[in-house]
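Working through the structure, step by step
Spelled out, the chains give:
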Amino acid sequence: MKLLSYIPVLVVGVLLLYAAKDFPEWGSPDAPASKSPVSSHFIANTGVDTEVPNMVTAVLADYRGFDTMFETVVVFIAGMAVLAILKNSGRKKLVKREFEVDAEPDLIVTNTVRLLVPVIQIFAFYVLAHGHVSPGGGFQGGVLMGASFILVALSWDLETALIRFPLNWTTILGGLGIFLYAGIGLLSMFLGGEFLDYSELANIFPVSREMARYHAMLGVEIGVGLTVTAIMFSLYANLSTEGRLQRGL
Amino acid sequence: MGLALFNTFILLLLVVAALLALRVKDLLTASVVFAVYSFLMCLLWAEMGAVDVAFTEATVGAGISTVVLIATIFNLKRKSSD
Amino acid sequence: MFEDGTIINELLIERLNYFIYVVLLLIGLHAMIAKKNLIKKLIGMSIFQTAIILFYVSIGVKEGSTIPVYLPEHDPHGSHSVPSDTNETSHFDHGPVILDSSLVKGYANPLPHVLMLTAIVVGVATLGLALALCQRIYQGYGTIEEDELLAKMESREIRSKTLSVQIPKDQKLPKKDELKKEKSRSVSKSKTLSASKPKPKGKK
């Protein structure tokens with residue numbers, strides 16, 4: 001069995017290395033991926049179309065907005081599936097295992113975290129809001145926000161974190177994020193454009209068509225951020241306690 | 001040349017980290033080495049100009065997925081047979 | 001050994017990224033096939049995934065290009081950015097312009113970055129789902145080693161079969177009978193169902 005497993009691995013490896021000599025020159029600007037009209041269009045026209053300096057954000061939330069919307073839905077569904085799989089499944093008796101000890105949360109750790117968590121959360125908001133100009137955006141900001149709650153859960157215990165962010169909020173917030181995303185898309189559809197064609201929002205807001213896309217992208221990123229925050233925390237809370245939501249890691 | 005050397009160094013370290021993460025029998029060590037692997041990957045992407053991908057990998061790959069792995073191993077057995 | 005034009009030079013010097021992506025992909029693939037521990041399999045899956053992402057980002061690299069964020073001279077909000085040199089204020093005062101192809105070469109390709117950014121986040125969500133399934137398997141069978149798991153599943157299957165047939169001595173013979181019985185049962189069921197279904201439609 002051990003030797004047998006090398007056969008598919010070697011076959012795949014030989015095929016891939018054989019194909020590797022047909023790859024374009026390393027770092028060449030004439031490579032097919034870089035020369036394709038799509039990416040050239042994105043680089044050349046993002047500034048004119050949306051006035052967003054960070055092309056990655058513009059492509060993520062505007063040009064490929066439909067894709068990103070369903071990626072967010074996938075994250076949401078995965079979070080809900082974890083909730084459904086682990087709900088009412090764990091050991092009910094809460095037997096203490098040999099490595100579990102009763103200990104107070106450490107003073108130094110809790111005080112450091114008390115100072116650190118607000119900074120992390122402000123940084124998360126900064127990353128979310130400044131994603132148009134610098135690296136960042138909804139996914140990164142949401143993950144940072146979720147990580148700040150996980151940090152609270154790690155340094156105190158899960159109950160303390162769940163008081164600040166109850167688990168039924170995560171379902172609501174996750175759904176709300178997707179509704180915000182789809183709502184902006186539907187609003188632009190009702191205003192006469194296509195689904196997720198944000199420039200139509202200029203009809204109801206006092207901005208130019210380009211700046212309407214700029215600001216609608218921020219709304220979309222907030223939606224993504226809400227969903228990712230909620231799902232990341234719910235993933236941790238469920239996985240560390242087998243769905244019991246008490247006495248976790 | 002300096003950047004190419006940096007690139008080569010990280011690529012070789014990546015292979016070492018990947019092999020080590022799959023070699024160790026303690027799953028906790030494996031997940032921590034996997035975090036190192038993710039962070040090396042993040043450095044590589046920052047060097048290749050993919051700053052957004054590097055940021056995402058640093059928060060998600062090195063942060064959340066390690067925490068989630070360790071949270072699972074806390075509820076399972078820590079030793080692995082291979 | 002490392003002269004120009006040889007295969008080793010091609011793979012190890014000029015296209016090290018492509019070579020390492022193949023190596024990492026094979027490490028991940030081998031772990032997914034050969035490792036017995038489910039968590040190790042999942043770590044292998046993640047390594048496989050990052051290898052693919054490495055490939056995608058590698059094909060989007062351009063030599064001597066900057067990150068895909070507009071430089072101050074191409075910034076659509078050029079008048080907002082504060083120039084370091086006061087003499088150049090007029091240079092920064094402009095609206096957005098369509099870049100021509102020579103300037104396009106100066107920026108890294110944003111499309112692979114976008115595709116891979118979402119792939120990483122979806123990757124961690126699916127990893128969480130897989131870990132939840134691992135926990136359920138551990139609760140059900142008390143192990144996450146594949147061989148032990150298969151042995152336990154097999155013994156459990158045999159036990160449930162012997163219980164349902166209630167003739168533990170000859171397990172092979174009743175199988176066919178049962179299958180036939182089940183088949184006939186299901187056929188008769190479907191017949192009765194199909195017979196009973198059209199009636200209300202006919203009434204209407």
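Structural data are supplied above this passage.
Given the structure is predicted, the values throughout are model-derived calculations rather than measurements.

So, on to the environment of Leu43 of chain B. Residues and elements named next belong to chain B. Its location among the elements puts Leu43 in helix 2 (residues 27–47). Here Leu43 falls in the partly exposed class, since its relative accessible area comes to 34%. Leu43 sits 37 residues away from Phe6 along the chain, and the two C-alpha atoms are 9.9 Å apart.

What follows is about the interface of chain A and chain B. Taken together, the 24 residues of chain A in the interface contact 15 residues of chain B. Regarding the contact of chain A and chain B, the summed buried area is about 1700 Å², with carbon and sulfur atoms giving 72% of it. Where chain A packs against chain B, one counts 0 salt bridges. Our count for the contact surface shared by chain A and chain B stands at 5 residue pairs in polar contact (both at pLDDT 80 or more). Class assignment for the residues of the side of chain A that touches chain B results in 14 nonpolar, 6 polar and 4 charged.

Quick look at the side chain of Glu145 of chain C now. In this structure, Glu145 of chain C sits in the loop between helix 6 (110–141) and helix 7 (146–165). In this structure Glu145 of chain C is buried but unpaired, with Lys77 of chain B as the nearest side chain of opposite charge at 6.0 Å. Here the side chain of Glu145 of chain C touches Ser81 of chain B through a polar contact of 2.6 Å, side chain to side chain. Filtering out sequence-adjacent residues up to four positions away, Glu145 of chain C remains in contact with Lys79, Ser80 and Ser81 of chain B together with Lys36 and Asn37 of chain C.

Okay, the layout of surface pockets next. Of the voids in this model, the second largest pocket is the one considered here, and its volume is about 470 Å³. Its residues placed into classes, the lining of the second largest pocket shows 8 nonpolar, 2 polar and 7 charged.

Parameters and conventions
Residues numbered from 1 in each chain as written. Chains lettered and ligands numbered in written order. Predicted model: local features only at pLDDT ≥ 70, side-chain atom pairs only at ≥ 80, totals over all residues. Heavy atoms only, no water. Helix = DSSP H or I, 4+ residues; strand = E, 2+ residues; numbered from the N terminus. Buried < 20%, exposed > 50% of the residue type's maximum accessible area, 1.4 Å probe, protein only. Contact = heavy atoms within 4.5 Å. Buried area = accessible area lost by both parts, 1.4 Å probe. Salt bridge = Lys/Arg side-chain N within 4 Å of Asp/Glu carboxyl O. Polar contact = N/O pair within 3.5 Å; in protein donor to acceptor, adjacent residues only side chain to side chain. Nonpolar A, V, L, I, M, F, W, Y, C, P; charged D, E, K, R; others polar. Lys, Arg positive; Asp, Glu negative; His and termini not counted. 1 Å grid on protein atoms, 1.4 Å probe; cavity = no way out; pocket = protein on both sides within 12 Å on 5 of 7 lines; lining within 4 Å. Points joined across faces, edges and corners; volume = space filled by probe spheres on them.

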